[in-house]
Amino acid sequence: MQVSTRLKNQHLLWRCAFGPMAENAASLDTITQKNLWDLLVKTSLKPVEKIEVTKNPADEYGAEMPKPGEMQKGFKDPELRRKIREQSRDDIKMMNIRWLQTMVNSEAQLREKMSLFWHGHFACRIQNSYFQQELLHTIRTNAIGSFADMLKAVSKSPAMLQFLNNQQNKKQKPNENFAREVMELFTMGRGNYSENDVKEAARSFTGWGFNAQGEFVYRKNQHDDGSKTFLGKTGNYDGDDILNILLENKQTANYISKKIYRYFVNENVNEENQQWLSKRFYANNYNIAKLLEDIYTSDWFYNEKNIGVKIKSPVELLAGIRRLLPMQMENDLSQLLFQRALGQVLFYPPNVAGWAGGKNWIDSSSLMLRLRMPQILSANDAVNIMPKGDDDVQMGMEMAVKKMKDTVKGGTAAIDWPTVNKIFEKVQREKLMENITATVLQTRGKVSMAVLDKYVNNESRENYIKSAVVNLMATPEYQLC
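Report on the accompanying structure.

Regarding the packing of aromatic side chains
As enumerated under the stated definition, the model contains 22 aromatic pairs in all. Here Phe117 and Phe264 contribute two aromatic rings whose centre-to-centre distance is 5.5 Å and whose plane-to-plane angle is 55°, an arrangement assigned as tilted. Placement of Phe117 in helix 6 (residues 109-121) and of Phe264 in helix 13 (residues 250-264) is noted, with a sequence separation of 147 residues between them. For the pair shown, Phe117 and Phe264 are each scored as buried. When the ring of Trp208 is compared with that of Phe216, the centres are 5.2 Å apart and the planes differ by 85°; the resulting orientation is edge-to-face. The class for Trp208 is buried, based on a relative accessible area of 3%. Among the aromatic residues, those joined into a ring-pair cluster are Phe117, Trp118, Phe122, Phe147, Phe186, Tyr263, Phe264, Phe281, Tyr282 and Tyr286. Here the basic side chain of Lys310 rests over the ring of Tyr263, its NZ or CZ set 4.9 Å away from the ring centre. When the ring centre of Tyr464 is taken as reference, the NZ or CZ atom of Arg429 above it lies at 4.0 Å.

Here we look at the pattern of salt bridges
A full pass over the atoms with the stated rule returns 22 salt bridges. For Asp38, the salt bridge is made with Lys34, and the minimal N-O distance between the two is 3.0 Å. Here Asp38 and its partner Lys34 are both found in helix 2 (residues 33-44), four residues apart, which amounts to about one turn of the helix. Among the residues examined, Lys34 registers a relative accessible area of 44% and is labelled partly exposed. In this structure, the salt-bridge partner of Glu112 is Arg140, at a minimum N-O distance of 2.9 Å. In this pair, Glu112 is assigned in helix 6 and Arg140 in helix 7 (residues 129-142), connecting sequence segments 28 residues apart. Beyond isolated ion pairs, a larger network of salt bridges with shared partners links Glu176, Arg180, Glu195 and Lys199.

Observations concerning the nonpolar core
Counting 70 residues, the largest nonpolar core has Met114, Trp118, Phe122 and Phe147 as its most contacted members. For this core, the element with the most residues is helix 10 (residues 177-187), which contributes six residues. Leaving out residues up to four positions away in the same chain, Met114 has contacts with Ala143, Ile144, Ile260, Phe264, Ile288 and Leu292. Counting residues in hydrophobic clusters, the runner-up holds 57 residues, among them Ala22, Ala25, Ile321 and Phe347.

Side note on the packing of helix 5 (residues 78-105) against helix 6
Where helix 5 contacts helix 6, the axes come no closer than 8 Å and their chain directions differ by 140°. One element, helix 5, and the other, helix 6, form an angle in the oblique class. The two elements helix 5 and helix 6 meet at a crossing, and its hand is left-handed. Seen from helix 5, the contacting residues are Trp99, Thr102, Met103 and Val104; seen from helix 6, they are Gln109, Glu112, Ser115, Leu116 and His119. When grouped by side-chain class, the residues that make up the contact of helix 5 with helix 6 number four nonpolar, four polar and one charged.

So, the packing of helix 1 (residues 5-16) against helix 2
Contact pair helix 1 / helix 2: the axes reach a minimum separation of 10 Å and the direction vectors enclose 25°. Relative to helix 2, the element helix 1 is oriented roughly parallel. In terms of crossing hand, the pair formed by helix 1 and helix 2 is right-handed. Counted together, Thr5, Lys8, Asn9, Leu12, Leu13 and Cys16 of helix 1 and Gln33, Leu36, Trp37 and Leu40 of helix 2 form the full contact between these two elements.

Some remarks on helix 13
Over its 15 residues, helix 13 runs 21 Å from end to end, which matches the ideal 21 Å to within 8%, given 1.5 Å per residue. Regarding helix 13, the residues found buried are Thr252, Ala253, Asn254, Ile256, Ser257, Ile260, Tyr261 and Phe264. In this structure Asn249 caps helix 13, since a side-chain oxygen of it lies 2.9 Å from the backbone nitrogen of Gln251.

Here we look at the side chain of Asn421
Tracing the chain through its elements places Asn421 in helix 20 (residues 417-423). Aside from chain neighbours lying at most four places away, what touches Asn421 is Glu462 and Ile465.

A word on the environment of Leu28
Inspection of the secondary structure puts Leu28 in the loop between helix 1 and helix 2. Judged by its relative accessible area of 2%, Leu28 is buried. Spatially, the C-alpha atoms of Leu28 and Arg6 are 5.1 Å apart, while their sequence positions differ by 22 residues. In contact with Leu28, not counting residues within four places along its chain, are Thr5, Arg6, Asn9, Gln10, Leu13, Pro20 and Leu36.

Topic: the environment of Asn196
Note on placement: Asn196 falls in helix 11 (residues 195-204). Overall, Asn196 belongs to the partly exposed group, its relative accessible area being 43%. As a C-alpha pair, Asn196 and Thr229 span 33 residues in sequence and 8.5 Å in three-dimensional space.

Conventions used here
Residues numbered from 1 in each chain as written. Predicted model: local features only at pLDDT ≥ 70, side-chain atom pairs only at ≥ 80, totals over all residues. Heavy atoms only, no water. Phe/Tyr/Trp six-rings, centres within 6.5 Å; stacked < 30°, edge-to-face > 60°. Helix = DSSP H or I, 4+ residues; strand = E, 2+ residues; numbered from the N terminus. Buried < 20%, exposed > 50% of the residue type's maximum accessible area, 1.4 Å probe, protein only. Lys NZ or Arg CZ within 6 Å of the ring centre and 35° of its normal. Salt bridge = Lys/Arg side-chain N within 4 Å of Asp/Glu carboxyl O. Core = buried A, V, L, I, M, F, W, Y, C linked by side-chain atoms within 4.5 Å. Contact = heavy atoms within 4.5 Å. Axes fitted to C-alpha atoms, helices over the stretch in contact; angles between N-to-C directions. Parallel < 35°, antiparallel > 145°, perpendicular 65-115°, else oblique. Left-handed = near helix turned anticlockwise from the far one by under 90°. Nonpolar A, V, L, I, M, F, W, Y, C, P; charged D, E, K, R; others polar. Expected span 1.5 Å × (residues − 1). Polar contact = N/O pair within 3.5 Å; in protein donor to acceptor, adjacent residues only side chain to side chain.

Function-wise, these values are silent; they only describe arrangement.
Given below as structure tokens:
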């Protein structure tokens, strides 16, 4: 079956971005995939604007404690620690909202979508908002650059070193947590190294830590400078050596390219295509942009079997609705509650492996909320949100929950319907539903036009478009991209 130009372009926008934007949705019938891809790359190569919501507590509170000893003593004060913790929780909520806004509105769609992927790949869950902020900036800066550079920068970030306990990794008392996850989750994947490799890598990472200013510190007196044997190679290795050996191993390129294939193309991996990508990724020195170009300019990416088969993550769903329906939120914190109830809160991955994705996004309670979200945002509707249990996220959202009372009411967003109507201004009335369906959904021929016609408002062309868009977004098919 022939796949239309519009469907291919929307496929590209849903996979390497957050879906079509109302302002350019009408042009997707004519632009070529190559030109659209070139535009996505060009807009994402602009300098990264940092999402900055907080200052380093050491700078903020340390000015009154200029001597290092005084500073360390001061930060042990229970009242100050409580104050910093509360501020961090508020900062992380604000950072969440700011980044989500960037996903919705930024021209750099490719970079932000890749940043969301790496945010799950380099999953990190700590309450220090400054460390989280700096890690996010590292990921966004390197998102479509060099995987090697990003791996090294993330591995030296205070956020990751704290999360994976490498601050406690010292000579003669090695902590294996960081070394294990670097191999299992960040590079090679489980089953491609031995327990002895973990021990030897942990010895190599001894001395890697950070100071109160949030700077990477190599503490030479805590480093085990003895000989190590890692992945069949022997030497007086440090952490940088371990990362280089991992990058030299082709299994790292294979693991990363397969994970990217499953996330952006299809969970059912085509072995031939994925192996081709892996070899190219390795040969191109882990250049992420070139790997993505290999995917998004290939014919097989636009094969019908890869279109409309991926379940949108909660963040993709929320951002995608907001891109096609430009809106001003009455209360930005409601987006945090949606994330919580649907199982994906930015900066709060469930564990070190990140979000599992796929069918794990859907259960009976989350599906019902997903289907009601368009009405909640656009109409006089209300819903009691029952967030999924998670103590850390609950703590982070505590004040928001008290203010919102776990209820998101109708009219929470002022939608710019004239801009949405403009998408379809050149469409004849008898082809309107067909055109709206083709714009909103990525699945083909599964929604009955006769059923839809029963629920649309025929009072005016504007009301027809509005009701058709909202009703289509409330279908199970809209959960797929």
